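Results of the structural survey
Given next are the chains, with one letter for each unit.
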Amino acid sequence: MQDEPYIFSGTINDNSISKVFVGEEQAKIIDVDGDKRYWYAISHVKDAVVKRVKKDGTQEVVEEIDENYKGSK
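Summarised in this report is the structure supplied together with it. (Residues numbered from 1 in each chain as written. Predicted model: local features only at pLDDT ≥ 70, side-chain atom pairs only at ≥ 80, totals over all residues. Heavy atoms only, no water.)

Focus on the environment of T11
To keep things clear, this is the line we draw: Secondary structure elements follow DSSP: runs of H or I of four or more residues count as helices, runs of E of two or more count as strands, with numbering from the N terminus. Contacts are assigned to residue pairs that have any heavy atoms within 4.5 Å of one another.
With respect to the helices and strands, T11 occurs in strand β1 (residues 6–12). Between the alpha carbons of T11 and R37 there is a distance of 5.9 Å; along the sequence they are 26 residues apart. Ignoring any residue separated from it by four or fewer positions in sequence, one finds T11 in contact with R37, Y38 and W39.

This is the structure in structure tokens:
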């Protein structure tokens, strides 16, 4: 389904990442076993920019989103 709202999600493999943003929306981060973490956010913007924020404040734009997850309703 390609209708609003759009669900974005992914994994976090880097312990220095403290936040993830999808456009202006801060993603929810879920801690699971050990160092495993997952994030998700709901956006009304189909092609929102996804950014990771490290503990030191630096930001990285996520260049590739798995299309199997992006755009799901």
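Next comes the rest of the account.
Side note on the environment of D31
As for its placement among the helices and strands, D31 is situated in strand β4 (residues 28–31). C-alpha of D31 to C-alpha of I12: the two residues are 19 residues apart in sequence and 9.6 Å apart in space. For D31, the contacting residues outside a window of four places in its chain are K36 and R37.

Remember that the coordinates give geometry; whether it matters functionally is a separate question.
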